[in-house]
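Listed below, chain by chain, are the residues.
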Amino acid sequence: MIKGVVFALTSYAVFSFADAALKAAGGRLHVAEMTLIITIFSCVPVLFAKPRTEHWGDMMRMHRPALVMLRLAAALAAGLFSAYAFTTLPLADAYALIFLLPIFVVAFSFFYLGERTTPARLVGLFVGLVGVILVVKPGFQQLMLGHAAAIATAIAGTVSLLTLRVISRTERQVTLIGTLMIGSLALNGAITLFVYETPTMREVMLLALCGVLAGLGHLTMMAATRHAEANRIGPTQYSQIVWAVVLGGFFFDEYPDAISMGGIALVVLSGFLNFLGVRGPKTTRRSVTVEPVSAAAAAPRHPGS
């Protein structure tokens, strides 16, 4: 179990550095063009995510194609929104808002899927919302679109995650990985035809670094899920908030004030309450309750993470 937690912490650190590379490259290119470059460079590491017992030729053999397409659309939207959020907001603000995703998952699961919840999770919902308000308040009026994009990322990510919970029981992993990979290349490639700007060598190198790190993050998360249950890995996801503060200060001169730091602490606390409030048997390693929150979401993610 300890080994799995270490792998998970490593994975989230890698995703955080990928987001920092994207932020450093952003500001000039369209988000679709950036996402396209990231996806291209993440493809090679992600190809190793294919289980040995499955074949790429079976990718389009779907049992529930409508839900697969819904998950694909939501994941692609989350990728575009998150790319915009991370390139326009301080890292800590972006993460705090995108970490609304677990809160939305609990709410959507209760109202639409009829899943039972616990007092701890309800308290976590309230604590998380208060924390987000504290984080966003200092600069809310300067970057309204960036904050809206981060919230949209959380909503789209929630739809993707809940759909993935259903189809991961019936669909092959090559289907879940391959459709997202091809969908990202097709959608972002089509948009890029109309918004293309020649990237500088620096932009290409930073986006390539983001893509490679995203792919490596997937592989590391796969290793984590082989050694620990998802409900053990889940809380380590909030280590990304720490990385956001460290990387934001070191590379981008972003230093959250005391109010924002208090909000970040509440967001982290809400996450732990969310996982402590899980009912029933332990989550299996095939579970999809843990999904990396990252601008590298534009690249295909391991469906078992």
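Given the structure is predicted, the values throughout are model-derived calculations rather than measurements.

A. Layout of helix α6 (residues 119-136). Along its 18 residues, α6 runs 26 Å from first to last C-alpha, staying within 8% of the 26 Å computed at 1.5 Å per residue. Those residues of α6 not exposed but buried are Arg121, Gly124, Leu125, Val127, Gly128, Gly131, Val132, Val135 and Val136.

B. Region of interest: the nonpolar core. Residues Leu97 and Leu100 are the most contacted members of the largest nonpolar core, which totals 34 residues. Counting residues per element, this core draws most heavily on helix α4 (residues 91-98), at seven residues. Those residues in contact with Leu97 that sit more than four places away from it in its chain are Leu89, Val132, Val136, His147, Ala150, Ile151 and Ala154.

C. Summary view of the UniProt feature "transmembrane region" (unreviewed entry) in the protein chain. With numbering matched to this structure, UniProt assigns "transmembrane region" (unreviewed entry) to residues 30-48, 68-86, 92-113, 120-140, 146-167, 174-198 and 258-277. Taken end to end, residues 146-167 comprises 100% helix and 0% strand; its first and last C-alpha atoms sit 31 Å apart.

D. Summary view of the side chain of Glu33. Along the polypeptide, Glu33 turns up in helix α2 (residues 31-47). Buried and unpaired, Glu33 has no salt bridge, with Arg28 as the nearest side chain of opposite charge at 6.5 Å. Not counting chain neighbours up to four residues away, the residues in contact with Glu33 comprise Thr192, Val195, Tyr196, Glu197 and Pro199.

Criteria and cut-off values
- Residues numbered from 1 in each chain as written.
- Predicted model: local features only at pLDDT ≥ 70, side-chain atom pairs only at ≥ 80, totals over all residues.
- Heavy atoms only, no water.
- Helix = DSSP H or I, 4+ residues; strand = E, 2+ residues; numbered from the N terminus.
- Expected span 1.5 Å × (residues − 1).
- Buried < 20%, exposed > 50% of the residue type's maximum accessible area, 1.4 Å probe, protein only.
- Core = buried A, V, L, I, M, F, W, Y, C linked by side-chain atoms within 4.5 Å.
- Contact = heavy atoms within 4.5 Å.
- UniProt positions renumbered as here; feature names shortened; annotations may be inferred.
- Lys, Arg positive; Asp, Glu negative; His and termini not counted.
- Salt bridge = Lys/Arg side-chain N within 4 Å of Asp/Glu carboxyl O.

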